[in-house]
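Per-entry structural report
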Amino acid sequence: MSRPCWWRGAVIYQIYPRSFLDTNGDGVGDLPGIVDRLDYVASLGVDAIWISPFFKSPMADFGYDIADQRQVDPLFGTLDDFDRLLDKAHRLGLKVMIDQVFSHTSDQHEWFRESRSSRDNPKADWYVWADAREDGTPPNNWLSLFGGVAWRWEPRRRQYYLHNFLSSQPDLNFHNPQVRQATLDYVKFWLDRGVDGFRLDSINFCFNDAQLRDNPPKPADKRVGRGFSPDNPYAFQYHWYNNTRPENIGFLEELRALVDRYPGAVTLGEISSEDSLATTAEYTSGRRLHMGYSFELLVDDFSAAYIRDTVSRLEEAMTEGWPCWAVSNHDVRRAVTRWGGGGPSPRLARMLAAMVCSLRGSVCVYQGEELGLPEADVPFEALQDPYGIAFWPNFKGRDGCRTPMPWTDADGAGFSAATPWLPVPEAHRPLAARRQHADPGSTLNAFRAFMRWRREQPALVRGSIAFLDTAEPVLAFVREHQGQRMLAAFNLSDAAASLPLPSGGWTLAQGHGLASASIDGGVASLPAYGVLFARAD
Ligand code: BGC
């Protein structure tokens with residue numbers, strides 16, 4: 001794929017740097033570790049990497065609490081390491097996207113240190129400050145996604161500050177033009193260094209309601225989805241006022257104007273709003289974001305109807321934008337466990353990867369998905385994620401999907417010479433990359449074969465999508481691009497299933513490396529978690 005539209009239909013491999021490869025023996029992965037394993041990433045046949053934050057941070061939220069947006073945290077290495085990473089990735093034909101966290105910083109950021117020091121310093125208005133109500137309580141009813149009220153008292157100013165996430169992640173005040181300019185300045189810093197794009201964390205959280213109006217209560221039967229547990233009181237409100245404010249649109253346009261000065265550079269927003277699909281369509285129309293993704297396929301629901309309805313709703317809403325899908329990332333339980341239960345089958349892992357990479361749009365694949373890793377069961381004593389610690393035991397947080405990559409089946413999994421920051425689960429060792437590399441029938445090799453094949457199918461990379469009205473457990477659609485029509489069907493169950501094919505002749509496509517279906521008399525038979533790709537005659 002040539003610039004500048006390399007990102008349309010691209011497969012973006014997400015690297016969580018703490019857990020990729022540790023080269024300096026401190027139990028935490030680092031940038032040199034990523035450099036070391038870029039050949040492996042390139043061997044997967046993906047187009048780009050997205051690296052979760054590696055900037056200077058006290059690591060309260062493992063890097064999503066940034067203390068300096070222009071510096072690499074010493075735990076991860078140096079700016080020179082990053083430049084080497086960029087250079088090697090580019091030589092291997094991989095684009096590099098980095099995470100940017102606009103809406104908040106760490107409380108250790110020099111902007112916040114200054115802002116909190118008084119009510120009249122030059123950065124006094126850079127964060128969201130508000131007086132207490134008459135009775136001393138916070139100014140409104142907003143809640144933090146990570147638990148408790150979203151306001152923390154600052155004695156130096158005798159005021160509250162807003163934090164949508166941890167109290168050590170104060171929210172920036174985007175109503176202040178200086179804040180927007182400072183944000184664009186550090187985005188430019190990374191564009192000038194040569195990055196190919198950004199994954200934009202919580203992009204709909206930049207602005208809050210300037211009048212700080214209360215969020216309305218949400219009825220119990222509506223408290224579902226969006227990646228947070230229904231035990232979390234955050235789910236008890238409609239988040240109309242603390243995020244997704246109309247002013248954000250203008251900022252996205254300013255951001256796009258900057259990014260457009262760098263041909264081929266791309267923006268991918270993480271969107272979680274009251275109607276994430278509508279917001280994704282809105283944020284990707286016109287000259288705003290290039291792509292957006294939401295938590296809609298990161299939930300626990302798993303049925304053909306759910307996937308079809310979700311994708312169709314976005315297709316209807318999105319007139320100009322470009323979608324991006326993911327079934328796994330560093331914030332949710334691993335997909336094969338979420339959707340396959342206790343003993344997930346390797347065929348489920350392969351089918352899921354093929355399914356998500358066949359939808360219209362680009363795709364984020366999370367490290368370890370190519371190995372079919374299940375969720376790790378991390379005991380309470382080993383938990384690191386403050387979100388999991390706050391909501392234990394019904395919701396165990398995000399550590400179970402963040403355990404180190406199993407590179408080998410040795411002790412420590414070839415990840416680190418030291419005790420890793422999270423334990424490597426026993427169940428991951430037989431799935432280690434080196435083992436799977438040597439096994440022609442492995443999930444890893446099936447993933448590679450599928451990705452190689454997919455790149456050569458314009459209908460799967462760029463085509464339109466039209467769903468067939470299939471009964472459970474089969475999801476099926478036709479992708480079409482410049483006369484090439486490809487029928488894709490997926491059996492989402494662990495029992496064989498059949499699918500009457502639409503009229504016209506269909507010939508099984510070969511070469512995708514997945515255990516496939518057969519066609520007989522206009523009916524396809526799909527084995528458990530089977531996949532069908534067929535071309536229109
Ligand atoms: C990231 C999370 C992070 C949160 C706060 C997100 O949605 O993906 O990992 O904790 O934003 O920055």
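Residues numbered from 1 in each chain as written. Predicted model: local features only at pLDDT ≥ 70, side-chain atom pairs only at ≥ 80, totals over all residues. Heavy atoms only, no water.

With respect to spatial proximity, 13 residues lie near the ligand, and among them D61, D201, E270, D331 and R398 are the closest. D61 is positioned such that a nitrogen or oxygen atom in its side chain is 2.5 Å from an oxygen atom of the ligand. A distance of 3.3 Å is found between an oxygen atom of the ligand and a side-chain nitrogen or oxygen belonging to S202. In the complex, 95% of the free accessible area of the ligand, which totals 310 Å², lies under the protein chains. Among the residues forming the shell around the ligand, the class breakdown is 3 nonpolar, 3 polar and 7 charged. (Near = heavy atom within 4 Å. Polar contact = N/O pair within 3.5 Å; in protein donor to acceptor, adjacent residues only side chain to side chain. Areas by Shrake-Rupley, 256 points an atom, 1.4 Å probe, with all protein chains shown as cover. Nonpolar A, V, L, I, M, F, W, Y, C, P; charged D, E, K, R; others polar.)

A word on the pairing of strand β13 (residues 362-366). Of all 5 residues in β13, 5 are buried, a share of seventy percent or more. Burial of the side chains of β13 extends over both faces: S362, C364 and Y366 are buried on one face and V363 and V365 on the other. Across 4 bridges, strand β1 (residues 11-15) lies against β13 in parallel orientation. Pairing of Y13 across the sheet is with V365, part of β13. (Buried < 20%, exposed > 50% of the residue type's maximum accessible area, 1.4 Å probe, protein only. Helix = DSSP H or I, 4+ residues; strand = E, 2+ residues; numbered from the N terminus. Pairing = 2+ DSSP bridges.)

Here we take up the packing of aromatic side chains. For the structure shown, the criterion picks out 36 aromatic pairs. When the centroid spacing of 5.3 Å and the interplanar angle of 85° are considered together, the rings of F82 and W190 count as edge-to-face. Highlighted residues: F82 in helix α3 (residues 79-91) and W190 in helix α5 (residues 177-193), separated in sequence by 108 residues. A relative accessible area of 0% places W190 in the buried class. Seen in terms of ring centroids, W153 and Y160 are 5.1 Å apart; in terms of plane orientation they differ by 70°. Their pairing is edge-to-face. Relative accessible area serves as the criterion here: at 10%, Y160 is assigned to the buried category. Grouped by ring-pair contacts, the aromatic residues F146, F165, F205, Y387, F391 and F395 constitute a single cluster. (Phe/Tyr/Trp six-rings, centres within 6.5 Å; stacked < 30°, edge-to-face > 60°.)

Moving on: the nonpolar core. Grouped together as the largest cluster of nonpolar side chains are 143 residues, with contacts concentrated most on Y13, Y40, F54, F82, F102, F490 and F533. Counting residues per element, this core draws most heavily on helix α10 (residues 346-356), which supplies 8 residues. Counting contributing residues, this core receives three or more from each of domain 1 (11-105 + 177-452) and domain 2 (463-536). The contacts of F82, once residues within four sequence positions are left out, are L31, I51, F54, V72, V96, I98, W190 and V195. Residues A476, L487, A524 and L532 belong to the second largest nonpolar core, which totals 15 residues. (Core = buried A, V, L, I, M, F, W, Y, C linked by side-chain atoms within 4.5 Å. Domains from an automatic or database assignment. Contact = heavy atoms within 4.5 Å.)

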